[in-house]
Amino acid sequence: MTPEAPQPGEPSPPVRVLVAEDQSAVRAGLVLILRSAPDIEVVGEAADGEEAVRLARELRPDLVLMDVQMPKLDGVSATRQVVADGLADVLVLTTFDLDEYVFGSLRAGAAGFLLKDTEAADLLAAVRTVAGGEGLIAPAVTRRLIAEFATPRPVRAPGGPDPSILDALTRREREVLSCLGEGLSNAEIAERLRMAEATVKTHVSRLLGKLELRSRVQAAVLAQELGI
C-alpha cells in the first residue's frame, strides 16, 4: 500500500507504520528507532496478531512491521489477513531459526522481511523501501531463505504451482521473473538484462498482475518453486 504521491511542490507525507511485536521491550525499541526519522510516523502498536489485524483495519497504515511469533494469532496468519483485505503492506521481522514462519509469511503476501538484529539505519531504509513499492529487501538474505525453503524439485510437489501459469508471460517477463527468483534487486536485474531500471519496474508490475501475485517476493518464491 504505497503512500499517495505528493503534488508538485508539496512535501512527501510520512510513512505510517503499525508495529506488531509481542515483546514489549523489543516493540519499544522498534518504535523508538522509527520515531527518530522525520519521514516515518508510528500510528499504532500491537502486542498480538489479532490486535495487529484489528488496528490495521482501523488505522489503515501504509505498512505493518510484523513479528512472526505472537500470541492469539501468529504473524503468518495476521499477514495473510492484512494483505488479503488490502489493509497495508507487511514487512516481517524474523530470526533465522524461524525461517519456516517467514516462508509462510512470504507466501501469504508479505512485501519483505527483516532480521531482528538489523541496525537502526537498515530498519529505517527497509521501511522506506517497502513503502516505496520496491518490496524485495536484503537480496542476500532473500537468496538464503529461498534456497532453503523453495529449492526447485525435479518433480512438482502435489498442490504446488502449475508451470502452465507462466504461459501468459512474455520471454522478457520470464527472464525478469527468473532474476527475482535469485533475489536480485531492480538495479541488479537492469544490469544483467541490459535494460533501464524503469523498464524492469514495468516488467515486474506486469508479471505480478498476470500471475495474480501481491508482491515481488511472492514472485521470487514462485520462480524458485517452478525452477526457472
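Since the structure is predicted, the reported quantities are computational estimates derived from the model, not experimental observations. (Residues numbered from 1 in each chain as written. Predicted model: local features only at pLDDT ≥ 70, side-chain atom pairs only at ≥ 80, totals over all residues. Heavy atoms only, no water.)

Looking now at the sheet that holds strand S3 (residues 63–67). The 5 strands are arranged S2-S1-S3-S4-S5 in an open sheet whose pairing can be described as parallel. Each of the sheet's edge strands pairs with one partner strand only, and the pair in question is strand S2 (40–46) and strand S5 (112–115). Averaged over all adjacent pairs, the angle separating strand axes in this sheet is 25°, with direction ignored. In this structure, S3 lies alongside strand S4 (residues 89–94), joined through 5 bridges in parallel fashion. Along S4, the bridge assignment pairs Val 64 with Val 90. Most of the contacts of helix H2 (residues 49–59) go to S2, to which it runs at about 135°, and overall it touches strand S1 (15–20), S2 and S3. (Pairing = 2+ DSSP bridges. Helix = DSSP H or I, 4+ residues; strand = E, 2+ residues; numbered from the N terminus. Axes fitted to C-alpha atoms, helices over the stretch in contact; angles between N-to-C directions. Contact = heavy atoms within 4.5 Å.)

Counting buried positions along S1 gives 5 out of 6 residues, so the element sits mostly inside the fold. The pairing of S1 with S2 spans 6 bridges and is classified as parallel. From the neighbouring strand, Val 17 faces S2, where its bridge partner is Val 42. With helix H1 (residues 24–35) bridging S1 and its parallel neighbour S2, the resulting β-α-β unit is right-handed. The sheet contact formed by S1 and S3 spans 4 bridges and is parallel. Among the inter-strand pairings, Val 19 is bridged to a residue of S3, identified as Leu 65. (Buried < 20%, exposed > 50% of the residue type's maximum accessible area, 1.4 Å probe, protein only. Right-handed = clockwise from strand over helix to strand, strands pointing away.)

With respect to the secondary-structure elements, Asp 67 resides in strand S3. Among the residues examined, Asp 67 registers a relative accessible area of 2% and is labelled buried. Not counting residues within four places of it along the chain, the set of residues in contact with Asp 67 comprises Ala 20, Glu 21, Asp 22, Gly 75, Leu 93 and Lys 116.

Structurally, the position occupied by Asp 22 is in the loop between S1 and H1. Here Asp 22 falls in the partly exposed class, since its relative accessible area comes to 31%. On a C-alpha basis, the gap between Asp 22 and Glu 45 in space is 9.6 Å, while along the polypeptide they are 23 residues apart. For Asp 22, the contacting residues outside a window of four places in its chain are Arg 27, Ala 47, Asp 67, Gln 69, Met 70 and Pro 71.

That is the geometry; function is a separate question.
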